[in-house]
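# Examining the three-dimensional arrangement
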Amino acid sequence: MPILSDTVVLALFGLGLAVLLLVLLLRRRKGRGRPIIIDGSNVMHWNGDVASLSSVKEVIARLEAQGFQPGIMFDANAGYKLADHYLDDRHFAKLLKLPAKRVLVVPKGQPADPTILAAARDVGGKVVTNDRFRDWVEEFAEVAEKGHLVRGGYRDGTLWLDERALEP
């Protein structure tokens, strides 16, 4: 079906353009903070079984206080988990009180993992997540390096991040 292939090509082009814009923004702002990518779909589950942006907001605030410039990426279904309907980049940016250029929702049908890992590689940053990305180690060997993935969560209601992994 030629129309389907055109749609797929356009979707891939749009995704590539969005990742490029996020990477360029984070690189341009390097002087304002070290770039880091947050796996928003993972982090929004850190404080319990129910998806919530409060944990994402708290992680953003902590990272910014430590001199980072975070970019946040979500799976296409993240809006359904939070609000029972699709939310795009602008919706998430508004909810997180961030510029839309720092937020990316990966298109439906595409895994967010390679997009997250490619963006981190492109900006020379780490990834905040508890995902180990085992399926992507062959393509993104850096995920196996100690400190590339910044783990975190909540203990007794208090956010913790692997501070050793956040060191330069």
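Look up a bit, the structure's there.
The structure reproduced in this document is the subject of the present report. Every chain is numbered independently, its residues counted from 1 as its sequence is written. Local features in this predicted model are restricted to residues whose pLDDT is 70 or higher, and side-chain atom pairs enter the listing and the counts only when it is 80 or higher, whereas totals over whole chains, interfaces and linings include all residues. The side-chain numbers reported here are obtained from all heavy atoms of the structure, hydrogens and water having been left aside.

On to the sheet that holds strand E3 (residues 103-105), then. Criterion used throughout: strands pair if DSSP finds at least two bridges between them. Here a helix means four or more residues in a row that DSSP labels H or I, a strand means two or more in a row labelled E, and each is numbered from the N terminus. An order of E3-E2-E1-E4-E5 is seen for the 5 strands of this open sheet, with the pairing classed as parallel. Looking at strand neighbours, the two that pair on one side only are E3 and strand E5 (149-150), the edges of this open sheet. One ladder, built from 2 bridges, connects strand E4 (residues 126-128) with E5; its direction is parallel. Residue pairing in the sheet places Val128 in a bridge with Val150 of E5.

On to the pattern of salt bridges, then. For salt bridges, the criterion is a side-chain nitrogen of Lys or Arg within 4 Å of an Asp or Glu carboxyl oxygen. Taken as a whole, this structure holds 5 salt bridges when the rule is applied. A salt bridge links Glu64 to Arg102; the nearest nitrogen and oxygen atoms lie 2.9 Å apart. One end of the pair, Glu64, is in helix H3 (residues 53-65); the other, Arg102, is in the loop between helix H5 (89-96) and E3, with 38 residues separating them in the sequence. You can call Glu64 partly exposed: its relative accessible area is 37%. Think of it in three bands: residues with accessible area under 20% of the maximum for their type are buried, residues over 50% are exposed, and the middle band is partly exposed, with areas taken using a 1.4 Å probe on protein chains only. Taking relative accessible area as the criterion, Arg102 reaches 5% and is therefore assigned buried. A salt bridge links Asp162 to Arg164; the shortest N-O distance between them is 3.6 Å.

This brings us to unusual backbone geometry. Although it is not a glycine, Asp84 adopts a positive phi angle of roughly 60°. Structurally, Asp84 can be placed in the loop between helix H4 (78-83) and H5. Given the relative accessible area of 68%, Asp84 is considered exposed.

The next point concerns the environment of Val150. Mapped onto the fold, Val150 is located in strand E5. Filtering out sequence-adjacent residues up to four positions away, Val150 remains in contact with Ile36, Lys126, Val127, Val128, Thr129, Asp162, Ala165 and Leu166. Contacts are assigned to residue pairs that have any heavy atoms within 4.5 Å of one another.

Grouped burial of nonpolar side chains is what soluble globular proteins tend to show. One finds Leu63, Phe74 and Val128 to be the most contacted residues of the largest nonpolar core, which totals 29 residues. Elements with a minimum of two residues in this core: strand E1 (34-39), H3, strand E2 (68-74), H5, E3, strand E7 (158-161) and helix H7 (163-166). For this core, the element with the most residues is H3, which contributes 5 residues. Leu63 has contacts with Ile36, Ile38, Phe68, Pro70, Val128, Leu161 and Leu166, leaving out every residue within four places of it along the chain. For our purposes a nonpolar core is just a set of buried Ala, Val, Leu, Ile, Met, Phe, Trp, Tyr and Cys residues, chained together by side-chain atoms within 4.5 Å.

Of all the residues in H5, the buried ones are Phe92, Ala93 and Leu96. Projected down its long axis, H5 shows its buried positions confined to an angular sector of 100°, all on one face. Those residues of H5 that are exposed and angled more than 90 degrees off the buried face are Arg90 and Lys94. Looking at the packing, one finds that the buried side of H5 touches H3, E2, H4 and E3. Under this definition, polar contacts are N or O atom pairs within 3.5 Å; protein pairs additionally need one hydrogen-donor-capable and one acceptor-capable atom, and for neighbouring residues in sequence, both atoms have to be side-chain atoms. If you check the start of H5, you find a side-chain oxygen 3.1 Å away from the backbone N of Arg90, and it comes from Asp88. Residue Lys97 follows H5 closely and has a positive phi angle near 60°. Directions drawn from the helix axis to the C-beta atoms are what define this arc.

By themselves, these are just geometric observations and shouldn't be taken as functional.
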